[in-house]
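Examination of the molecular architecture
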Amino acid sequence: MAFRLVIAEKPSVAQTIAAALGIKGKQDGYIEGGGYLISWCVGHLVQLAEAAAYGEQYKKWSFDSLPILPEEWQYAVDPDKGKQFKTIKELMHRADVSEVVNACDAGREGELIFRFVYEVAGCKKPMRRLWISSMEDGAIKAGFASLKDGRDYGALFASALCRAKADWLIGINATRLFSCLYGKTLNVGRVQTPTLKMLTDRDAAISHFQKEKYYHVRLDLSGADAASERISDKAEADALKGACEAGKAVCVSLTREKKTAAPPKLFDLTSLQRETNRIFGYTAKQTLDLAQALYEKRLLTYPRTDSRYLPQGMTEKARGLAAYAAAALPFAAGLSLPYHPRQLAGKVSDHHALLPTAALRDHPLDALPAGERSVLTLVAARLLCAAGEACVMLETTARLECEGVSFTARGRRTVHPGWRALDAAFRATLKSREREEAADGLPPLNERMSFLPVTASVREGKTTPPERYSEDTLLSAMENAGKENTPKDAERRGLGTPATRAAIIEKLLKSGLAERRALRRRICLVPTDKGISLITVLPEAIQSPALTAEWEQKLREVEQGALDGEAFLKDITDMVRELASSEHPVRDVHMLFADNRR
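Summary of the structure given here. Everything numeric in this text was worked out from a predicted model, so none of it was measured.

Time to look at helix 7 (residues 234–245). Counted at 1.5 Å a residue, the expected span for helix 7 with its 12 residues is 16 Å, and the 17 Å between its end C-alpha atoms agrees. Among all positions of helix 7, only A237, L240 and C244 are buried. Along the axis of helix 7, the buried residues cluster in a sector spanning 60°; they form a single face. Exposed residues pointing more than 90 degrees away from the buried face of helix 7 are listed as A235 and A239. On its buried face, helix 7 is in contact with strand 10 (213–220), strand 13 (391–402), strand 14 (405–416) and strand 16 (456–462). A side-chain oxygen of the first residue of helix 7 lies 3.4 Å from the backbone nitrogen of A235; this N-cap is D233.

Pasting the structure below:
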């Protein structure tokens, strides 16, 4: 009897696949039955070998050994996972195994995890690919009924391999170079360091910010204010106030305009991480972990997606999911929830936008742990909002003149709440409710209407520095890095990918280059003295967010087969050579890398 060997990324995923296929024969390190052997990788079983594997001269960190540029790359099995690798290798070489199925996560890193094991195990058997976006039984069965040829994903593997080699080349060489230069371990990363650069730039902008006072003169319109432009001089503002109170205000123009707020897009991973951070305070990693847990429980589609749309043929299918979502969300009861499928359709990459699955119908939200419940609630509510109707508002702008100076009053009234009715119902359930938009408070006004006497006041304000990054805003900055230099029709660049940004932030924190700090009731990401000092000594090429975003775009082109991976790696290698051969000023280590905190 011939067996098909299936390799999943985690034991839990392997168990879900086995259950969907009706396989129950548990063995040591795999599951057997019905012509299948199902095993798992436990994450990265095999990785690129450390520098010491390339020669004795690389065991110690020194200038003389740099740059380290492997001619033939070597691989190493994680010593803590050797037993599982041995199990998979033996299964791959069993005489009764006819083909191997890559069932690791359907993305770049999943491809890398499987291929490293496949290559290092010396497997030559036919390779197939399971490519699914949901862990529901139906999706798994459908995926196995239409397995892809593994060779079709060669470009995806090439991109993953380029990413791994580039991170190795820069991480190993730059970390050793600058650690030797400054006598202290300085962790440098291809994506991590430009992200740190954004934190330090923001820190510098705040540190050097000079507050400036300004003033507005406001006219009381019996329930609303009409405000002047900013006035920098207090005496000038006081004089205008006095003049207005001795004069007459006249409404010289009145405009009313209908405006619409289109429904929001569906979530991709980054936008979900930003929303959970803003509303619940979850870190990017916490959100990814919660989404992954929901995926493995078959309640959420594949989380590591950068798409915010559905393919055209899927929009009608999602109608049933919207019905399950409406029934599961208590705050949706009694609301009109129309379903407009066309606006959900758009360009999709490897995976469509995040959706709840049909399993939501039989799995009450209250049965989930709090974090998973919050994430699934957000995704379900977003589906209903995204498929809903636009919110229609009436905006009123009144311009008044008093003593030759123009004053403006604005108001807004909701005519048709559309999708915002559900959004408001959801936000009403939150413990810390966000401020609702004020209704149109303008009194009845007509052009040429006069106000006499005039009640005026002077309000003082101060310019404010940029805000510290939260994980919400840092994720947005990472996603949009290099955007200003990217053609409108090009793939977005950004630092990292939706699947890796959370890990990048955690690396900065773990290495002591940044920290989370509570400031003004917000959890902010702040560079430490060590992080600021590191950016101070690194050359622009290493720390440039724009350059790294350009590299990410090239990795995307490799994935699409539009760029040869060797061309990308040549750019990285050339930069590493230049770094190792150039002179860098060695500054006062004790001054730059002082342990005292600001």
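Text resumes after the structure shown.
Moving on to empty space enclosed by the protein. The tally for this structure, following the rule as stated, stands at 2 cavities of 30 Å³ or more. In this structure, the largest cavity spans a volume of roughly 80 Å³. Lining the largest cavity are V13, I17, A103, C104, D105, A106, L130, I132, M135 and Y295. In this structure, the second largest cavity spans a volume of roughly 40 Å³. As for the second largest cavity, its lining consists of L66, N173, A174, L177, V576, L579 and A580. Mapped by element, the contributors of at least two residues to the lining of the second largest cavity are helix 5 (154–182) and helix 18 (565–581). For the lining of the second largest cavity, a count of residues per class yields 6 nonpolar, 1 polar and no charged.

Right, let's get into a positive patch on the surface. A grouping of K211, K213, K462 and R520 is seen on the molecular surface, where their side chains present a positively charged patch. Mapped onto the elements, K213 comes out in strand 10.

The subject of this paragraph is the environment of V348. Residue position: V348 is located in the loop between helix 10 (318–328) and helix 11 (370–386). The spacing of V348 and P311 is 37 residues in sequence and 6.3 Å in space, taken between C-alpha atoms. V348 has contacts with S307, Y309, L310 and P311, leaving out every residue within four places of it along the chain.

Across 3 bridges, strand 2 (residues 25–27) lies against strand 3 (residues 30–33) in antiparallel orientation. Residue pairing for strand 3: K26 is matched across the bridge by I31. Counting the residues in the hairpin turn of strand 2 and strand 3 gives 2 residues, including G29, whose phi is positive at 90°. Alignment of strand 3 against strand 4 (residues 36–40), held across 4 bridges, turns out to be antiparallel. Along strand 4, the bridge assignment pairs E32 with L37. A loop of 2 residues connects strand 3 with strand 4, the two strands running antiparallel in sequence, and G34 in this loop sits at a positive phi of about 60°.

Before going further, it helps to examine unusual backbone geometry. Cis geometry marks the peptide bond from L66 to P67, where omega comes out at 0°. As for its placement among the helices and strands, P67 is situated in the loop between strand 5 (46–48) and strand 6 (75–77). With an omega of 0°, the peptide bond between L452 and P453 qualifies as cis. Here P453 shows up in the loop between strand 15 (450–451) and strand 16. For V42, which is not a glycine, the phi torsion comes out positive at approximately 55°. By the element assignment, V42 lies in the loop between strand 4 and strand 5. Given the relative accessible area of 33%, V42 is considered partly exposed. Even without glycine at this site, R448 takes up a positive phi of about 75°.

With 5 of its 5 residues buried, strand 4 lies for the most part within the structure. Burial along strand 4 is two-sided: Y36, I38 and W40 facing one way and L37 and S39 facing the other are all buried. By the bridge criterion, 5 bridges tie strand 1 (residues 3–8) to strand 4 in an arrangement that is parallel. Among the inter-strand pairings, I7 is bridged to a residue of strand 4, identified as S39.

Cut-off values and rules
- Residues numbered from 1 in each chain as written.
- Predicted model: local features only at pLDDT ≥ 70, side-chain atom pairs only at ≥ 80, totals over all residues.
- Heavy atoms only, no water.
- Helix = DSSP H or I, 4+ residues; strand = E, 2+ residues; numbered from the N terminus.
- Expected span 1.5 Å × (residues − 1).
- Buried < 20%, exposed > 50% of the residue type's maximum accessible area, 1.4 Å probe, protein only.
- Arc of directions from axis to C-beta.
- Contact = heavy atoms within 4.5 Å.
- Polar contact = N/O pair within 3.5 Å; in protein donor to acceptor, adjacent residues only side chain to side chain.
- 1 Å grid on protein atoms, 1.4 Å probe; cavity = no way out; pocket = protein on both sides within 12 Å on 5 of 7 lines; lining within 4 Å.
- Points joined across faces, edges and corners; volume = space filled by probe spheres on them.
- Nonpolar A, V, L, I, M, F, W, Y, C, P; charged D, E, K, R; others polar.
- Patch = residues over 30% accessible without salt bridge, like charges linked within 9 Å, V, L, I, M, F, W, Y side chains within 5 Å.
- Areas by Shrake-Rupley, 256 points an atom, 1.4 Å probe, with all protein chains shown as cover.
- Salt bridge = Lys/Arg side-chain N within 4 Å of Asp/Glu carboxyl O.
- Lys, Arg positive; Asp, Glu negative; His and termini not counted.
- Charge placed at Lys NZ, Arg CZ, Asp CG, Glu CD.
- Pairing = 2+ DSSP bridges.

That's the geometry; what it means functionally is another story.
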